[in-house]
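One-letter residues, chain by chain:
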2 protein chains.
Amino acid sequence: MPDDTPVKAPSRIQLRNRRRILDAALDVFAEHGYRGATLDQIAEAAGLSKPNILYYFAGKEEIHVTLLNQLMETWLDPLVEMDAGGEPLDEILAYVQRKLDMARDLPRESRLFANEILQGAPRMAPHLKADLKPLFDEKCHVIQRWIDAGKLAPIDPRHLIFAIWATTQHYADFGAQIRVLLDTDQPAPGADPFLRTLFTNLLAPTVR
Amino acid sequence: MPDDTPVKAPSRIQLRNRRRILDAALDVFAEHGYRGATLDQIAEAAGLSKPNILYYFAGKEEIHVTLLNQLMETWLDPLVEMDAGGEPLDEILAYVQRKLDMARDLPRESRLFANEILQGAPRMAPHLKADLKPLFDEKCHVIQRWIDAGKLAPIDPRHLIFAIWATTQHYADFGAQIRVLLDTDQPAPGADPFLRTLFTNLLAPTVR
DNA sequence: CGTTGGGTTGACCAAATGGTCAAAAGTTTA
DNA sequence: TAAACTTTTGACCATTTGGTCAACCCAACG
C-alpha cells in the first residue's frame, strides 16, 4: 500500500510564516512554560493574528510538540559527535565545550527543554526513551571502555554525563539567578576555563 | 508610633488549614509552575473548597509568595553553615553533601525554586538581591581566602558555587530525565561518591 | 439556650483563553 | 482577466479560572 498522497511542497509564505510562528513560540514557551504561554502572546510575537496561527498549526499543543521535536535533534548532536576513536580526555572536554556553547547560543532551547523536564516530561518522555536513552547507554559504554583501558580515571560514566549536562545548562536555565549574583549582563565570563579544569581534574588518570 | 494592632494568635484550625494549603500548593506549583497551577487543583489536593482557601490566603499569588519566602530560609541554610574557620576541603564537601541531601529530601522545593528562576525570577529577584547575593559574595570571599592561603587549588569561587548548585539540584529538577535514563525509581544511586570525587579532585591543592 | 464569631460553601461573575467559521483579501494559473 | 486556489481575519463560542458574596454551619460562652 504505497503512500501516494501528493504532498505539496510548502509555498514560500508557508515556510516563512511557519518559521515565524515557531520562533515566536520558542520565545514564549521558553519564558513562560507550556501552560503559561498563550496563543495571543505567540500571535503577537509572530506578528500574525491568532486565527492565522491556527491556520498553520492545529493548535497550541502541536506548536509545542513541533518545537520539542526540532529541539531533540539539535540537543543530541553534541553527544552524537563524541567519537569513540578519539583521544578520551579531549573528546570529553570538547563535548563539554560544545554543550557550553549551546547553552550560550541557544538559551531559549535550553529553557524550553528544562521546562519540559521539570514538569515531568509529559510530552517528551517517549522521545527520551526512544532517542536519548540508547545514545546515553552507548556513550556510557564508550566512556567505560576508555576507563577500562586506563585512559580515564575510574568514575561512573552516567554521573559524569549528568554533571556535564547540569553544569553547562545551568548557565542558560538559571541565567536569571546568575545575572543577579554576577552583576553583569555578559553571559557568565570564565565558565569555560572553570569547567575545563573541573572535568580535567576529575578524569585525568594521573597518579596523585 | 507603636504597633498596637492586637494580632490574634492563629487558632489551631488556622494553623492546620494553612499548613495543609501550603503543602498542597507546594505539590501543585512544583509540578506545574505558577501559571500551570490552578486554585481548584490546590483546593482538591488540600481537601478544602476553593472559597475556603481564599478565606486563608488573599489569592493565588499570596500562596505562591508565602511558599517562596518560606523556601528562601531553608534554601540558604546549607550555605550559611559553611564555616570560614573549618577545614576548607571538608567544609566544601560537607556543603555539597547537604545540598545533595536537600535535593533528595525536598525535591518539591527544589523544583519550585527552579521553576521560579527559569521564568526569570519574577517574584523572587528582590529576595535574591537582598538575601542570596550578600551571602554569595561573603562565601566567595571565604573561599578566596582559603585559596590564597594555599588550602585549595586556585579556581573561581563563583563558578565553584554554581557547579555545586547545578550538579546537586540537577538530581531533583531533572529527575524525570534521570529516571528514564537510569531505569530505576531509586533517586540516583551513586551520586554522592561521584560528586565527592568531582569536587575533591578539583580542589585538593596536591601537586600533580 | 440563644447569641456571637470564626469557619465553610454553593452559586455566581468577569476576564482570559483555546479554538471555530464564514467571508474577505490576495495570489496563482489557465 | 476570470476562475481557482491559498491566506487572512473579525466576530463569535465554550470552557477554564481567579475571585466574590451572602448565607449557612457550628462550637464556645454568657
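Structural notes, computed from the coordinates.

What counts, and at which threshold
Residues numbered from 1 in each chain as written. Chains lettered and ligands numbered in written order. Predicted model: local features only at pLDDT ≥ 70, side-chain atom pairs only at ≥ 80, totals over all residues. Heavy atoms only, no water. Contact = heavy atoms within 4.5 Å. Buried area = accessible area lost by both parts, 1.4 Å probe. Salt bridge = Lys/Arg side-chain N within 4 Å of Asp/Glu carboxyl O. Polar contact = N/O pair within 3.5 Å; in protein donor to acceptor, adjacent residues only side chain to side chain. Helix = DSSP H or I, 4+ residues; strand = E, 2+ residues; numbered from the N terminus. Nonpolar A, V, L, I, M, F, W, Y, C, P; charged D, E, K, R; others polar. Axes fitted to C-alpha atoms, helices over the stretch in contact; angles between N-to-C directions. Parallel < 35°, antiparallel > 145°, perpendicular 65-115°, else oblique. Left-handed = near helix turned anticlockwise from the far one by under 90°. Near = heavy atom within 4 Å. Least-squares fit on C-alpha atoms with pLDDT ≥ 70 in both. Phe/Tyr/Trp six-rings, centres within 6.5 Å; stacked < 30°, edge-to-face > 60°. Buried < 20%, exposed > 50% of the residue type's maximum accessible area, 1.4 Å probe, protein only. Lys NZ or Arg CZ within 6 Å of the ring centre and 35° of its normal. Expected span 1.5 Å × (residues − 1). Arc of directions from axis to C-beta.

What follows deals with the interface of chain A and chain B. With 57 residues of chain A in contact, the opposing surface of chain B contributes 57 residues. Both faces considered, chain A and chain B share a buried interface measuring about 5,000 Å² in area, 68% of it formed by carbon and sulfur atoms. At the boundary of chain A and chain B, one finds two salt bridges. Of the charged contacts, one joins Lys133 of chain A and Asp183 of chain B as a salt bridge, the two residues approaching to 3.6 Å between their closest N and O atoms. Scanning the region where chain A abuts chain B turns up nine residue pairs in polar contact (both at pLDDT 80 or more). For the side of chain A that touches chain B, the secondary structure elements donating two or more residues are helix H1 (12–36), helix H6 (107–118), helix H7 (125–148), helix H8 (157–173), helix H9 (175–182) and helix H10 (191–203) of chain A. Of all the elements, H8 of chain A adds the most residues to the side of chain A that touches chain B, at 12 residues. For the side of chain A that touches chain B, the residue count by class is 30 nonpolar, 16 polar and 11 charged.

Our next topic: the packing of H1 of chain A against H6 of chain A. Residues and elements named next belong to chain A. Relative orientation of the contacting elements H1 and H6 amounts to 50 degrees, with a least axis distance of 8 Å. Compared by their axis directions, H1 and H6 come out oblique. Relative to H6, the crossing made by H1 is left-handed. Where H1 abuts H6, its residues Asp23, Leu26, Asp27, Phe29, Ala30 and Gly33 lie against Arg108, Glu109, Arg111, Leu112 and Asn115. Here the contact of H1 with H6 is built from residues that sort into four nonpolar, two polar and five charged.

Turning our eyes to something else, we now look at the protein's contact with DNA strand C. If you check the shell around DNA strand C, you find 18 residues, and the closest are Leu39 and Lys60 of chain A together with Ser11, Gln14 and Tyr56 of chain B. What you see for DNA strand C is that sugar and phosphate hold 59% of its atoms within 4 Å of the protein. At 3.3 Å from a phosphate oxygen of DNA strand C is found a main-chain nitrogen or oxygen belonging to Ala37 of chain A. A distance of 3.1 Å separates a phosphate oxygen of DNA strand C from a polar side-chain atom of Arg35 of chain B. Looking at the surface near DNA strand C, the elements with two or more residues in it are helix H3 (50–56) of chain A together with helix H1 (12–36) and helix H3 (50–56) of chain B. Here the surface near DNA strand C is composed, by residue class, of seven nonpolar, seven polar and four charged.

All right, on to the relation of the copies chain A and chain B then. When chain A is fitted to chain B, the best match, at an RMSD of 0.0 Å, comes from turning it 180 degrees and sliding it 0.0 Å along the axis. What the rotation and shift describe, once combined, is the action of a two-fold rotation axis. When the interface residues of chain A are mapped onto chain B, 100% of them are again interface residues, pointing to one common binding face.

The relative placement of two aromatic rings is captured by the distance of their centres and the angle of their planes. Going through the model one piece at a time under the given rule, you end up with 14 aromatic pairs over all chains. Taking 6.2 Å as the distance between ring centres and 85 degrees as the angle between the ring planes, the aromatic pair formed by Tyr171 of chain A and Phe162 of chain B counts as edge-to-face. In this pair, Tyr171 of chain A sits in helix H8 while Phe162 of chain B sits in helix H8 (residues 157–173), so the two residues belong to two different chains. On the basis of relative accessibility, which here comes to 1%, the residue Phe162 of chain B falls in the buried class. In textbook terms, an aromatic cluster arises when at least three aromatic residues are bridged by ring pairs, as seen for Phe136, Phe162 and Trp165 of chain A together with Tyr171 of chain B. Lying over the aromatic face of Tyr34 of chain B, Lys60 of chain B brings its terminal NZ or CZ to 4.6 Å of the ring centre. Cation over ring: Arg123 of chain B sits above Tyr34 of chain B, and NZ or CZ is 3.8 Å from the ring centre.

Another point: H6 of chain A. All names here are of chain A. A rise of 1.5 Å per residue sets the reference length of H6, with its 12 residues, at 16 Å; its end C-alpha atoms lie 16 Å apart and thus fit the reference within 8%. Burial runs high along H6: 10 of the 12 residues are buried. Among the residues of H6, those classed as buried are Glu109, Ser110, Arg111, Leu112, Phe113, Ala114, Asn115, Glu116, Ile117 and Leu118. Positive phi shows up at Gly120, right after H6, with a value of about 90 degrees.

Residues and elements named next belong to chain A. Within helix H2 (residues 39–46), the full set of buried residues consists of Leu39, Ile42, Ala43 and Ala46. Each buried residue of H2 lies within a common arc of 100 degrees when the element is viewed along its axis, so the set occupies one face. In the core, the buried residues of H2 are packed alongside H1, H3 and helix H4 (60–80). Downstream of H2 by one or two residues, Gly47 has phi in the positive range, about 70 degrees.

Residue and element names in this part refer to chain B. The tally for this structure, following the rule as stated, stands at 22 salt bridges over all chains. Measuring nitrogen to oxygen at the nearest pair gives 3.2 Å for the salt bridge that ties Arg108 to Asp23. Taken together, the residues Arg108 in helix H6 (residues 107–118) and Asp23 in helix H1 connect sequence positions 85 residues apart. Looking at Asp23, the relative accessible area reads 40%, which means it is partly exposed.

A few words on the protein's contact with DNA strand D. The environment of DNA strand D is formed by 18 residues, the closest being Ser11, Gln14 and Tyr56 of chain A together with Leu39 and Lys60 of chain B. When the atoms of DNA strand D within 4 Å of the protein are sorted by group, sugar and phosphate make up 60%. Interatomic distance of 3.0 Å between a side-chain N/O atom of Arg35 of chain A and a phosphate oxygen of DNA strand D. Between DNA strand D and Tyr56 of chain A there is a distance of 2.6 Å, counted from a phosphate oxygen to a side-chain nitrogen or oxygen. Element by element, the count of residues in the surface near DNA strand D is highest for H3 of chain A, at four residues. Classifying every residue of the surface near DNA strand D by side-chain character gives seven nonpolar, seven polar and four charged.

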